[in-house]
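Listed below are the residues making up each chain.
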Amino acid sequence: MNTEQTYRIDSVYTLLQPLSHIGESESTTTFLNTVRVMGPSGPCEVFAYTGNALRGAWRDCGAAYLLNRLKTLVPKKAFHLLFSGGSIGGKQEADVAQAKALRDTLPFLSIFGGGVGNQILSGKIVQTFAMPVCEETADIIPPGNPHINYRRLDTSWRLMTGETEFSRKDDEKGDLGDRYIAHPAEQIDMIEGKAKGKAKGEDGPATQMRYRVEYLSAGAQLWHMMYATCTELELGALVSAIHEWAKRPVLGGMAGKGFGLVDLAMDITSEDGERVPFISVRDGYMTLADPAKDAKEQYDNHLKALYDAALDSNRAPIVGLLEG
């Protein structure tokens, strides 16, 4: 179905682990990103997870999903277009035929947008920041969302933060370095078939760096809203991106250190306030409700048709279009 409609999608992220989303750094300390809002008591600073960060993660996941389904590699220019939005060169012009071909063939690029050749293909997502459910955002968080714990509106977001410290040990100067690093003299001996021991401490004392990270506490909730004016096929491209992201449902940085794991409840909300389940991620497992499942199935069928056409013509799919 090629008819466009506007979908309002409300999301609630519940942190299962602390969240790091860096706004400023000072020496060896990183602080959470904040924006200024009008709270119930006046202007104040509050944590905000940027829509750009969400969109960037989804874009990477959607591009990976696309290329995995098409089983193809792409040139560097096309890679940057898919994963980063690309760039334009020369005099900017609007090639309506090319833009239509791109949107029809690549719903992923239509929904996320990008710079192709000498024109900009605008995306179809408009969104908010992801704001914490807290005292400072009481006038921002919409009422009536069953996934939101509204009791948290009585608590300042400042009480939902903490700091933790990490140390980065120099393994080279400890037992690991002594056991496994071949220094220049030893390398010569190894080539000559000799075995000699290295004098410990010859490179100076071991070093260790400590750094501090501010985080939003596990259990906090973030509310996010976006509008997508698109076809069902393009909605399927968006679902595919979130589907891929849900294989590793984390926000922010330092996931390797234990940060960022979340649950997600995503609904489509109509003008009269009626909510229809869309996508949920709970305890690492994703569920697609019927609207998301139907859209993704249509998108998967579209990608299969592209792949089959490429096999029949013995040509790499989509590369020509992506190269502009």
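Residues numbered from 1 in each chain as written. Predicted model: local features only at pLDDT ≥ 70, side-chain atom pairs only at ≥ 80, totals over all residues. Heavy atoms only, no water.

Caption draft 1: Region of interest: the overall build of the protein. Across its full length, the protein holds 9 helices and 15 strands. Taking all 324 residues of the protein together, 44% fall into the buried category. Put simply, of all contacts in the protein between residues at least 6 apart along the chain, 71% involve residues at least 24 apart. Counting only carbon and sulfur atoms, one obtains 51% of the accessible surface of the protein, whose full area is about 17,000 Å². (Helix = DSSP H or I, 4+ residues; strand = E, 2+ residues; numbered from the N terminus. Buried < 20%, exposed > 50% of the residue type's maximum accessible area, 1.4 Å probe, protein only. Contact = heavy atoms within 4.5 Å. Areas by Shrake-Rupley, 256 points an atom, 1.4 Å probe, with all protein chains shown as cover.)

Caption draft 2: Geometry of the pairing of strand E13 (residues 262-269). Taken across its 8 residues, E13 has 8 buried, putting it largely inside the fold. Alternating positions in E13 separate into two faces, Val262, Leu264, Met266 and Ile268 on one and Asp263, Ala265, Asp267 and Thr269 on the other, with burial throughout. With 7 bridges joining them, strand E1 (residues 5-15) and E13 adopt antiparallel strand pairing. If you follow tyrosine 13 over to E13, its bridge partner there is leucine 264. Where E13 lies against strand E14 (residues 275-282), 6 bridges are found, and the strand directions are antiparallel. Bridge pairing links methionine 266 to isoleucine 279 in E14. (Pairing = 2+ DSSP bridges.)

Caption draft 3: Structural detail: the pattern of salt bridges. Enumeration according to the criterion identifies 10 salt bridges in this entry. Across the salt bridge formed by aspartate 104 and lysine 100, the nearest N and O atoms sit 2.7 Å from each other. Here the residue aspartate 104 and the residue lysine 100 both occupy positions in helix H3 (residues 96-105), the gap between them amounting to 4 residues, near one helical turn. A relative accessible area of 52% means that lysine 100 is categorised as exposed. The partner of aspartate 263 in a salt bridge is arginine 282, with the nearest N and O atoms 4.0 Å apart. With aspartate 263 in strand E13 and arginine 282 in strand E14, the pair connects residues that are 19 residues apart, well separated along the chain. Overall, arginine 282 belongs to the exposed group, its relative accessible area being 59%. Each member of the salt-bridge network shares a partner with another, and the members are Glu4, Lys124 and Glu234. (Salt bridge = Lys/Arg side-chain N within 4 Å of Asp/Glu carboxyl O.)

Caption draft 4: The arrangement of the packing of helix H7 (residues 232-245) against helix H8 (residues 290-313) in detail. Where H7 meets H8, the axes come as close as 7 Å, and the angle between the chain directions of the two elements is 100 degrees. Here H7 is positioned roughly perpendicular relative to H8, judged by the angle of their axes. In this structure, H7 contributes Glu232, Leu233, Leu235, Gly236, Ala237, Val239, Ser240 and His243 to the contact, and H8 contributes Ala292, Asp294, Ala295, Lys296, Gln298, Tyr299 and His302. (Axes fitted to C-alpha atoms, helices over the stretch in contact; angles between N-to-C directions. Parallel < 35°, antiparallel > 145°, perpendicular 65-115°, else oblique.)

Caption draft 5: Structural view of H8. Over its 24 residues, H8 runs 35 Å from end to end, which matches the ideal 34 Å to within 8%, given 1.5 Å per residue. Here H8 has its buried residues at Ala292, Ala295, Lys296, Tyr299, Asp300, His302, Leu303, Leu306 and Ala310. (Expected span 1.5 Å × (residues − 1).)

Caption draft 6: Layout of helix H1 (residues 51-70). Look at H1: 28 Å from first C-alpha to last across 20 residues, which is about the 28 Å you get at 1.5 Å a residue. Looking one or two places after H1, you find lysine 71, whose phi comes out positive at around 55 degrees.

Caption draft 7: Spotlight on the confidence of the model for the protein. In this model, the protein carries a mean pLDDT of 85, and residues with pLDDT of at least 70 account for 80%. Mean pLDDT across the secondary structure elements of the protein bottoms out at helix H6 (residues 184-191), with 57, and peaks at strand E9 (residues 131-132), with 98. (pLDDT = per-residue confidence, 0-100.)

Caption draft 8: View of the packing of H1 against H8. Put simply, H1 and H8 touch, their axes get as near as 9 Å, and they point 45 degrees apart. Here H8 runs oblique to H1, going by the angle between their axes. You can see that H1 and H8 cross each other, and the crossing is right-handed. Residue-level inspection shows Tyr65, Leu66, Arg69 and Leu70 of H1 in contact with H8, the latter providing Lys296, Tyr299, Asp300, Leu303, Leu306 and Tyr307. Classifying every residue of the contact of H1 with H8 gives 7 nonpolar, no polar and 3 charged. (Left-handed = near helix turned anticlockwise from the far one by under 90°. Nonpolar A, V, L, I, M, F, W, Y, C, P; charged D, E, K, R; others polar.)

Caption draft 9: Inspection of unusual backbone geometry at higher detail. Positive phi, normally seen in glycine, also occurs at lysine 71, with a value near 55 degrees. Note that lysine 71 resides in the loop between H1 and helix H2 (76-84). A residue is classified by how much of its surface remains accessible, and lysine 71, at 62% relative accessible area, is exposed.

Caption draft 10: Structural detail: the nonpolar core. Trp58, Leu238 and Trp245 are the most contacted members of the largest nonpolar core, which totals 69 residues. Leave out the neighbours within four places in its chain, and tryptophan 58 touches Tyr13, Phe112, His224, Met226, Leu238, Ala241, Ile242, Trp245 and Met266. Membership of the second largest hydrophobic core comes to 7 residues, among which are Val12, Val133, Leu153 and Met225. (Core = buried A, V, L, I, M, F, W, Y, C linked by side-chain atoms within 4.5 Å.)

Caption draft 11: The arrangement of the environment of leucine 303 in detail. Here leucine 303 is to be found in helix H8. In this structure, the C-alpha to C-alpha distance between leucine 303 and leucine 70, residues 233 residues apart in sequence, is 6.7 Å. Once you skip the residues sitting within four places of it in the chain, leucine 303 turns out to touch Tyr65, Leu66, Arg69 and Leu70.

Caption draft 12: Representation of the environment of valine 133 in the model. In this structure, valine 133 sits in the loop between E9 and strand E10 (161-169). For valine 133, a relative accessible area of 0% corresponds to the buried category. When the C-alpha positions of valine 133 and arginine 152 are compared, they lie 6.1 Å apart, and in sequence the two are 19 residues distant. Discounting residues that sit within four places of it in the chain, valine 133 has contacts with Ile141, Ile148, Asn149, Arg152, Leu153, Met160 and Gln221.

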